[in-house]
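Overview (structure and organization)
Spelled out from the first residue to the last, the chains are:
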Amino acid sequence: MVRDILIYMDKNRDREILALLLAGTGGNVEQTYEDFLAVGIALVDYCLLRLGLDEDALVHAISEYYKLPVIDKKPKKIDLETSRMIPAHVARLHHMIAVEKSCGLVVVIEDPIALPVDEITLMTMWPPRPVIGSRSWIRRAQELAYGPGRAMAPVRYDAAWRKDQRIDGWYG
């Protein structure tokens, strides 16, 4: 029951963000949404790779949907000590980076639905405050904080991630 509600909320969210993005273009929201479901990748990746949308348009649509602020293009200095409160592998996995401590840990993320709130709170002892940022901004900030690492690949939802599959020994 709860899983069905969460899946419905996630589908509703994706459809509404696509509607915000396509509002000025005259594109068909339902047709685009059906294509998005058929491709089977995360919404951010679909918009950037398949639709070829500008990162700024995507960031502002996600910001408008969640009513969250957007990080400045020309940010203040990033506090490396704060950034390293979240290990590099966790930050790269979730496409995020911590930038400052003020009334919580300010975390720049491209899609706040992927923010691991409990994990961040346990690691840092600070509650996260999400701010929306573009993938390229986050990648540059991560390279400054953690050094060069693997590129952020599109997130794919397919059979390989089911529990019964073995991927490089992760499931025993």
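Before any of the text, the structure's been laid out above.
To keep things clear, this report deals only with the structure shown in the data block. (Residues numbered from 1 in each chain as written. Predicted model: local features only at pLDDT ≥ 70, side-chain atom pairs only at ≥ 80, totals over all residues. Heavy atoms only, no water.)

1. What to know about the overall build of the chain
Within the chain, the regular secondary structure consists of eight helices and three strands. For the chain, the succession of helices and strands along the chain, N to C, is α-α-α-α-α-α-β-β-α-β-α. Looking at the chain as a whole, 39% of its 172 residues qualify as buried. Here the chain has roughly 10,500 Å² of accessible surface; of this, 58% comes from carbon and sulfur atoms. (Helix = DSSP H or I, 4+ residues; strand = E, 2+ residues; numbered from the N terminus. Buried < 20%, exposed > 50% of the residue type's maximum accessible area, 1.4 Å probe, protein only. Areas by Shrake-Rupley, 256 points an atom, 1.4 Å probe, with all protein chains shown as cover.)

2. What to know about the side chain of Q142
Structurally, Q142 is set in helix α8 (residues 135-146). Polar side-chain contacts of Q142 include one of 3.1 Å to the backbone oxygen of A91. (Polar contact = N/O pair within 3.5 Å; in protein donor to acceptor, adjacent residues only side chain to side chain.)

3. Considering the sheet that holds strand β3 (residues 128-132)
Taken in spatial order, the three strands make up an open sheet running β1-β2-β3, and their pairing is mixed. The sheet is open, and its two edges are formed by β1 (96-101) and β3, each paired on a single side. On average, adjacent strands in this sheet sit at an angle of 30° to one another, irrespective of strand direction. Across five bridges, the pairing between β1 and strand β2 (residues 105-109) is antiparallel. When the bridges of β2 are listed, I97 appears paired with V108. (Pairing = 2+ DSSP bridges. Axes fitted to C-alpha atoms, helices over the stretch in contact; angles between N-to-C directions.)

4. Things to note about the environment of T82
Residue position: T82 is located in helix α5 (residues 80-83). In this structure T82 comes out as buried when scored by relative accessible area, which is 1%. On a C-alpha basis, the gap between T82 and A98 in space is 6.2 Å, while along the polypeptide they are 16 residues apart. Side-chain polar atoms of T82 contact the side chain of D79, separated by 2.5 Å.

5. So, the packing of helix α3 (residues 43-50) against helix α4 (residues 55-66)
Contact geometry of α3 with α4 gives a least axis separation of 10 Å together with a crossing angle of 150°. In this view, α3 runs roughly antiparallel relative to α4, as classed from their interaxial angle. For the pair α3 and α4, the crossing hand works out as right-handed. The segment α3 lies against α4, with V44, C47 and L48 engaging E55, L58 and I62. Taken together, the residues of the contact of α3 with α4 break down into five nonpolar, no polar and one charged. (Parallel < 35°, antiparallel > 145°, perpendicular 65-115°, else oblique. Left-handed = near helix turned anticlockwise from the far one by under 90°. Contact = heavy atoms within 4.5 Å. Nonpolar A, V, L, I, M, F, W, Y, C, P; charged D, E, K, R; others polar.)

6. Quick notes on the packing of aromatic side chains
Scanning the model with the defined rule gives three aromatic pairs in all. Arranged with centres 6.0 Å apart and planes meeting at 45°, the rings of Y33 and F36 form a pair that is tilted. Within this pair, Y33 and its partner F36 are both found in helix α2 (residues 29-39), separated by three residues, close to a single helical turn. The class of Y33 is buried, set by a relative accessible area of 2%. We classify F36 as buried; its relative accessible area is 5%. (Phe/Tyr/Trp six-rings, centres within 6.5 Å; stacked < 30°, edge-to-face > 60°.)

7. Some thoughts on the pattern of salt bridges
Oppositely charged side chains can form a pair if their charged atoms are brought close together. Within this structure, the stated rule accounts for six salt bridges. Taking the shortest distance from any N to any O, the salt bridge between R13 and D14 comes out at 2.7 Å. In this pair, the class of R13 matches that of D14, namely buried. Residue R135 pairs with E110 through a salt bridge whose shortest N-O separation is 2.8 Å. Here R135 is found in helix α8, whereas its partner E110 is found in the loop between β2 and α7 (117-124), with 25 residues between them in sequence. When salt bridges that share partners are traced, they join R13, D14 and D111 into one network. (Salt bridge = Lys/Arg side-chain N within 4 Å of Asp/Glu carboxyl O.)

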